[in-house]
Amino acid sequence: MRLKTNNIVLALFLMIAEITFGQSPAPKEILGQILAESVTVEGINIINNNSQVSTVSDKEGRFSIVAKEGDVLVFSAVNLDPVKRRITTEDLNQALLVIKMAASEVELKEVIVNENANITAENLGIIPYGQKKYTPAERKVYTATSTSVDNLLNAISGRTTMLKKEVNVEKKEALFRKIEYLFEEDYYTNRLRIPLADIKGFQLYCVDDAEFAVSLNTKNKTMSMFLITELARKYLIILENEK
């Protein structure tokens, strides 16, 4: 009796096992193609998360991979948003499994510009390093003399001479602004003994001095202070002689 019972249990176990294994889907090779707008579809990684089988797509986005119903395929690439696809019976029966992917939106990192940084057209690569920079007046002279015809016509009309005078005036104005910034009013009256009413005239006298102009343009304050002391002595003599 006991033997008969064991045989019945074994038969039931085999029957259940047969039914179970019979219902398990068999792996199948899937042929597919990846589609993505304006993005290359070559070299996209495809991995079967269940079996860990992997492959990559060709230049047309085509691929083949073994999978069964219920397996999850993961499609990924640096420039594309990842896609997960759970394989269904319908997928297995298709001649070609089409997977659509979208280009990933890469978030640009915030660029922080140091407010103390020296940002110039040269640093940004807009113009070559060392290229001559023209002031507005110098640019006019360059334009007036850039070709032989322009040079001749403007020389005859006197325009070139006029423009060169503008350049000289512009340079003196720039030097005048520098000397105003460099020395306070008290420096002229207390240290150099220049009368308050004559400070502007003395500044114009200084910027006409070639050596002092160089010290201003090179931002050599020590040299400027040394030279302005001598210029003040000479200017006071001029004021004394004018009385």
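First things first, this report covers the structure right here in the doc. Predicted model, so just to flag it, every value in this text is computed and none were measured. (Residues numbered from 1 in each chain as written. Predicted model: local features only at pLDDT ≥ 70, side-chain atom pairs only at ≥ 80, totals over all residues. Heavy atoms only, no water.)

**Some thoughts on the sheet that holds strand S5 (residues 72–77)**
Strands sit in the order S3-S2-S5-S6 across an open sheet of four strands; the sheet is antiparallel. Of all strands in the sheet, those bounded by a partner on one side alone are strand S3 (54–56) and strand S6 (80–86). Neighbour-to-neighbour, the strand axes of this sheet turn through a mean angle of 15°, independent of strand direction. Taken together, the four bridges between strand S2 (residues 45–48) and S5 define a ladder with antiparallel strand orientation. For Ile46, the partnering residue across the bridge sits in S5 and is Phe75. (Pairing = 2+ DSSP bridges. Helix = DSSP H or I, 4+ residues; strand = E, 2+ residues; numbered from the N terminus. Axes fitted to C-alpha atoms, helices over the stretch in contact; angles between N-to-C directions.)

**Focus on the environment of Val66**
For Val66, the location among the structural elements is in strand S4 (residues 62–67). With 19 residues separating them along the chain, Val66 and Ile47 place their C-alpha atoms 9.9 Å apart. For Val66, the contacting residues outside a window of four places in its chain are Pro27, Lys28, Glu29 and Asn48. (Contact = heavy atoms within 4.5 Å.)

**Brief notes about the sheet that holds strand S7 (residues 97–100)**
One open sheet holds the three strands; their spatial order is S4-S1-S7, and the pairing between them is mixed. Looking at strand neighbours, the two that pair on one side only are S4 and S7, the edges of this open sheet. Pairwise comparison of adjacent strand axes, ignoring direction, gives a mean angle of 35° for this sheet. Sheet topology note: the strand S1 (residues 28–35)/S7 ladder contains four bridges and is parallel. Opposite Ile34, over in S7, you have Ile99 as the bridge partner.

**Section: unusual backbone geometry**
Although it is not a glycine, Arg193 adopts a positive phi angle of roughly 65°. Along the polypeptide, Arg193 turns up in the loop between helix H6 (185–191) and helix H7 (199–207). Here Arg193 falls in the exposed class, since its relative accessible area comes to 59%. The backbone of Lys219 shows a phi angle near 60°, a positive value even though the residue is not glycine. Note on Lys219: relative accessible area 75%, which makes it exposed. (Buried < 20%, exposed > 50% of the residue type's maximum accessible area, 1.4 Å probe, protein only.)

Keep in mind that these numbers describe shape and distance, not what the molecule does.
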